[in-house]
Amino acid sequence: MVDAPDWELVAKAQSGDMDAFAQLVSRHQKPVIHFCQRMVGSVHDAEDIAQETFVRLHRHLHRLKERAQFSTVVLGIARNLALNFLRDSKRRGRGRGEPLVREDNSERAIPDPSRRPDREARLREIEDLITVGLGRLSPEHREVLVLREVQGLDYSAIARIVKVRQGTVKSRLARAREQLRQQLVELGGELL
């Protein structure tokens with residue numbers, strides 16, 4: 001069952017196999033948390049949103065039908081919850097929450113000893129600038145950029161998640177890239 005396709009695991013989970021559902025969660029938890037973190041700016045909030053994503057997925061398991069890739073369904077739920085979080089945070093006056101900076105180094109690659117420390121520091125600064133720049137984009141632009149460039153989804157999958165046409169995805173993506181480029185220049189373009 002370890003290599004079972006997602007929709008096969010969904011069918012098993014729908015018939016009561018909670019091990020199959022646990023495997024779905026295990027398989028998709030990291031990408032969902034990563035997407036949510038890029039959207040809301042906080043690992044803690046991203047983990048909460050990811051947990052709620054899987055709670056809702058389990059609650060509505062009986063409704064799921066194979067129409068798209070399973071990851072598209074899961075990221076669609078996570079997207080809606082992240083946008084709700086951002087909207088509610090703005091209403092409560094919390095702004096965007098914590099800055100978009102990793103709270104741990106769990107996703108960073110093991111450093112290559114042959115790399116120079118000055119280059120490592122420069123790359124970290126660039127990564128931090130990109131993270132801050134992403135945080136300054138509107139949720140609509142940030143989500144398409146993260147789904148395309150970080151999650152690696154194609155235009156049709158993004159269109160299904162965001163519930164817009166592919167042309168809209170392409171135009172938002174172009175605007176997001178340009179806005180991010182402008183943000184990077186303002187934040188310290190000399191590093192790039």
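Please refer to the structure higher up on the page.
In this report, we go over the structure that sits alongside the text.

Basis of the calculations
- Residues numbered from 1 in each chain as written.
- Predicted model: local features only at pLDDT ≥ 70, side-chain atom pairs only at ≥ 80, totals over all residues.
- Heavy atoms only, no water.
- Helix = DSSP H or I, 4+ residues; strand = E, 2+ residues; numbered from the N terminus.
- Buried < 20%, exposed > 50% of the residue type's maximum accessible area, 1.4 Å probe, protein only.
- Phe/Tyr/Trp six-rings, centres within 6.5 Å; stacked < 30°, edge-to-face > 60°.
- Lys NZ or Arg CZ within 6 Å of the ring centre and 35° of its normal.
- Core = buried A, V, L, I, M, F, W, Y, C linked by side-chain atoms within 4.5 Å.
- Contact = heavy atoms within 4.5 Å.

**Quick word on unusual backbone geometry**
- Of note in the backbone geometry, Lys 163 takes a positive phi value of approximately 65° without being a glycine.
- Within the secondary structure layout, Lys 163 lies in the loop between α7 (155-162) and α8 (166-188).
- Since its relative accessible area comes to 62%, Lys 163 is described here as exposed.

**Details of the packing of aromatic side chains**
- Applying the stated rule across the entire model yields one aromatic pair.
- Taking the centre distance of 5.5 Å and the plane angle of 90° together, the rings of Trp 7 and Phe 70 count as edge-to-face. Of this pair, Trp 7 sits in helix α1 (residues 6-14) while Phe 70 sits in helix α4 (residues 70-91), and the two are 63 residues apart along the sequence. Comparing Trp 7 with Phe 70, the two get one shared label, buried.
- Taking the ring centre of Tyr 155 as reference, the NZ or CZ of Arg 148 above it sits at 4.5 Å.

**Looking at the nonpolar core**
- Of all hydrophobic cores here, the largest spans 49 residues; its most connected members are Val 32, Phe 35, Val 40, Phe 70 and Leu 147.
- Sorting the residues of this core by element identifies α1, α2 (18-40), α3 (43-59), α4, α5 (117-136), α6 (139-150), α7 and α8 as the ones contributing at least two each.
- By residue number, the principal contributor to this core is α2, which donates 10 residues.
- In this view, Val 32 contacts Ala 50, Thr 53, Phe 54, Val 74, Leu 75 and Ala 78; residues no more than four positions away in its chain are not counted.

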